[in-house]
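Per-entry structural report
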Amino acid sequence: MLMLLAILLPMAAGALLPLWRPGASRARRGYVMASSCAAAALGLTAGLPLPGAGAVVVLSLGGRLAVAFQVDGLSCLFAVMVSLLWPVASLYALEYMSQEGGEDRFFAFYLIAFGVTLGVAFSANILTMYFFYELLTLATLPLVMHGMDGKARYAGRVYLVYSMCGAALGFISMVFLLQYGNGLFRLGGTVPAGAGDQQLMQAAYVLGFFGFGVKAAVFPGHKWLLRASVAPTPVTALLHAVAVVKSGVFAVTRITWYGFGPDMLRGTWAQELVMAAAIFTIVYGSAKALRTRHLKRRLAWSTVSNLSYILLGVTAMTSGGLAAALLHMVVHAVLKITLFFGVGAVHFKLHRDFVPEIEGCGPVMPAVFGTFTAASLGLMGVPPLAGFSSKWLLASACTGLASPLGYLGACALVASAILTALYLMQIVLLAYFPRQNRAISVRIPRRARQDPGVRMTGPLILLSAVSVAMGLWAGPLSQHIAGLFPG
């Protein structure tokens, strides 16, 4: 019941918002925050207990076809992460969207996407996950196209085309799992040993990896993520840090560890192919980020790279790789949403969107650039901040494979860390140390020489503090995550 309420409450609240049409912004703010916090409380309550009660079948369609929900280690981690971050993002969005317009429509789909993401988290089988996974595309498409100008409409078309192509490949993988699997997701896989033709099963997994991997922005299904950067910053923050891309990572983890199973895939051509794709995407995304001048697109390329960090750990097919990947999933979510909120605050106050325009803005917006710097250092992997632990564990898992691809993966992580330092520290250094020793801030209007309001700076400071705490207590956090996946 708690799982169903967590899914349905924000979806119902979002559907009712355009019908209510609150005239006062205060009423809208109260409604959105109350709905987000209530859904988050339900998601935390449903997701925190460890598994043991089994799955709940809501609708049986005959045979192995059923809509069912359950809580296991993976869904617990994903649901808690989403439930903690979504209300913070909603608070930020309430101030940011005051300049964008169309707030009723925006927050309607914003709330619906919250419920759909929790539906992905609590899905007990491949059919239920596929349904909510594709529903997430429809729920977030109006958010990507919120501006409704030419760029927004084109970004929406690209997003839809890529998502439909990925859905087609994922559907093939789903059919194989329904045909040969035992039904509900189970750690270690649901496909019995020797079921079906092994080469064909491995091919079905590869199709599923690249199909569900479209939302995870693995090469070559990554370009939609760059186009989606035209959306308002609260949307891109969720797309790139919490909801859509992490749902892609979640789905790939499901079919790898809970569907086909690592025992079927370990040491095969299928594992080598998907690991190679992740390794290439890590370096490619970081290199493209360094060459991109637009702030949000630079962070988008960074997301492309970091998502494949997670996929590299997942496809290593070891328990250490899985735990390291999921640690980085949580770390990246907190760090990347902070970075996006930072560049969104700069756009909100200064209307500056390119790297050279950041020059000299650090002292003008101390809270924004202070939190941006802390998150940048974390994502770079500077010890003892959060990104260092996850990257170290990922590299250790790769070298533990004792294979050429494992060592190549570790080298890709090191190369990407260097590139990350270059493309993030360029922004930080320009903000605090303008070239030619001139104060660029004198060209900023006096009314804009301050941080935005508390609804935007509050989430930035909170998330930055959380990221520092995650780094200081990375050991207990990684042990807790590993404990969610016994064996």
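None of the values given here were measured: they were computed from a predicted structure.

**Looking at the side chain of Glu95**
- Secondary-structure assignment places Glu95 in helix 3 (residues 73-96).
- One buried charged residue, Glu95, remains without a salt bridge, the closest side chain of opposite sign being Arg455 at 4.5 Å.
- Within the structure, the side chain of Glu95 is placed 3.4 Å from the backbone nitrogen of Arg455, a separation counted as a polar contact.
- Excluding anything up to four places from it in sequence, Glu95 contacts Phe348, Pro452, Gly453, Val454, Arg455 and Met456.

**Section: the pairing of strand 1 (residues 56-60)**
- Alignment of strand 1 against strand 2 (residues 66-69), held across four bridges, turns out to be antiparallel. For Leu59, the partnering residue across the bridge sits in strand 2 and is Val67.
- Linking strand 1 back to strand 2 in an antiparallel pair, the connection comprises five residues, with Gly62 at a positive phi of about 100°.

**A look at the pattern of salt bridges**
- As enumerated under the stated definition, the model contains four salt bridges in all.
- For Glu103, the salt bridge goes to Arg28, with nearest N and O atoms at 3.6 Å. Residue Glu103 is found in helix 4 (residues 103-122), and its partner Arg28 is found in helix 2 (residues 25-47); the two are separated by 75 residues along the sequence. Accessibility classification places Glu103 together with Arg28 in one group, the buried group.
- Two residues, Asp263 and Arg266, come together in a salt bridge whose shortest N-O distance is 3.1 Å.
- Through salt bridges with shared partners, a single ionic network connects Arg28, Glu103 and Asp104.

**Things to note about the packing of aromatic side chains**
- Summed over the entire model, instances satisfying the criterion amount to 25 aromatic pairs.
- Relative to Phe132, the ring of Phe131 has its centre 5.1 Å away and its plane inclined at 80°; by these criteria the two rings are edge-to-face.
- Above the plane of the ring of Tyr133 lies Lys215, whose end atom (NZ or CZ) is 4.3 Å from the centre.
- It is Arg254 that lies over the ring of Tyr258; its NZ or CZ is 4.6 Å from the centre.

**Considering the environment of Gly188**
- On the secondary structure map, Gly188 appears in the loop between helix 6 (150-180) and helix 7 (198-212).
- Sequence-distant contacts of Gly188, defined by excluding residues within four places in its chain, comprise Trp257, Gly261 and Pro262.

**Quick look at the nonpolar core**
- Grouped together as the largest cluster of nonpolar side chains are 170 residues, with contacts concentrated most on Phe122, Tyr205 and Phe260.
- At 20 residues, helix 14 (residues 319-350) tops the list of elements feeding residues into this core.
- Beyond its immediate chain neighbours, meaning those up to four positions away, Phe122 contacts Met3, Ala6, Ile7, Gly43, Ala46, Gly47, Ala68, Phe69, Gln70, Val71, Ser75 and Ala79.

**Examining the environment of Leu408**
- Along the polypeptide, Leu408 turns up in helix 17 (residues 404-432).
- Overall, Leu408 belongs to the partly exposed group, its relative accessible area being 46%.

**Section: the side chain of Thr303**
- Here Thr303 shows up in helix 13 (residues 295-315).
- Among all residues touching Thr303, those that are not within four sequence positions of it are Leu225, His240, His332, Lys336 and Phe340.

**As for the confidence of the model for the protein chain**
- Looking at the protein chain, the pLDDT average stands at 87 and 95% of residues meet or exceed 70.
- Ranking the elements of the protein chain by mean pLDDT puts helix 9 (residues 233-241) last, at 81, and helix 12 (residues 269-291) first, at 94.

**Remarks on helix 19 (residues 474-483)**
- Those residues of helix 19 lying buried are Ala474, Ser478 and Ile481. Seen end-on, helix 19 carries its buried residues on one side only, within an arc spanning 60°. Seen from the open side of helix 19, the exposed residues pointing more than 90 degrees away from its buried face are Pro476, Gln479 and Gly483.
- Tucked inside the fold, the buried residues of helix 19 contact helix 3, helix 14, helix 16 (386-399) and helix 18 (454-472).

Conventions used here
- Residues numbered from 1 in each chain as written.
- Predicted model: local features only at pLDDT ≥ 70, side-chain atom pairs only at ≥ 80, totals over all residues.
- Heavy atoms only, no water.
- Helix = DSSP H or I, 4+ residues; strand = E, 2+ residues; numbered from the N terminus.
- Buried < 20%, exposed > 50% of the residue type's maximum accessible area, 1.4 Å probe, protein only.
- Lys, Arg positive; Asp, Glu negative; His and termini not counted.
- Salt bridge = Lys/Arg side-chain N within 4 Å of Asp/Glu carboxyl O.
- Polar contact = N/O pair within 3.5 Å; in protein donor to acceptor, adjacent residues only side chain to side chain.
- Contact = heavy atoms within 4.5 Å.
- Pairing = 2+ DSSP bridges.
- Phe/Tyr/Trp six-rings, centres within 6.5 Å; stacked < 30°, edge-to-face > 60°.
- Lys NZ or Arg CZ within 6 Å of the ring centre and 35° of its normal.
- Core = buried A, V, L, I, M, F, W, Y, C linked by side-chain atoms within 4.5 Å.
- pLDDT = per-residue confidence, 0-100.
- Arc of directions from axis to C-beta.

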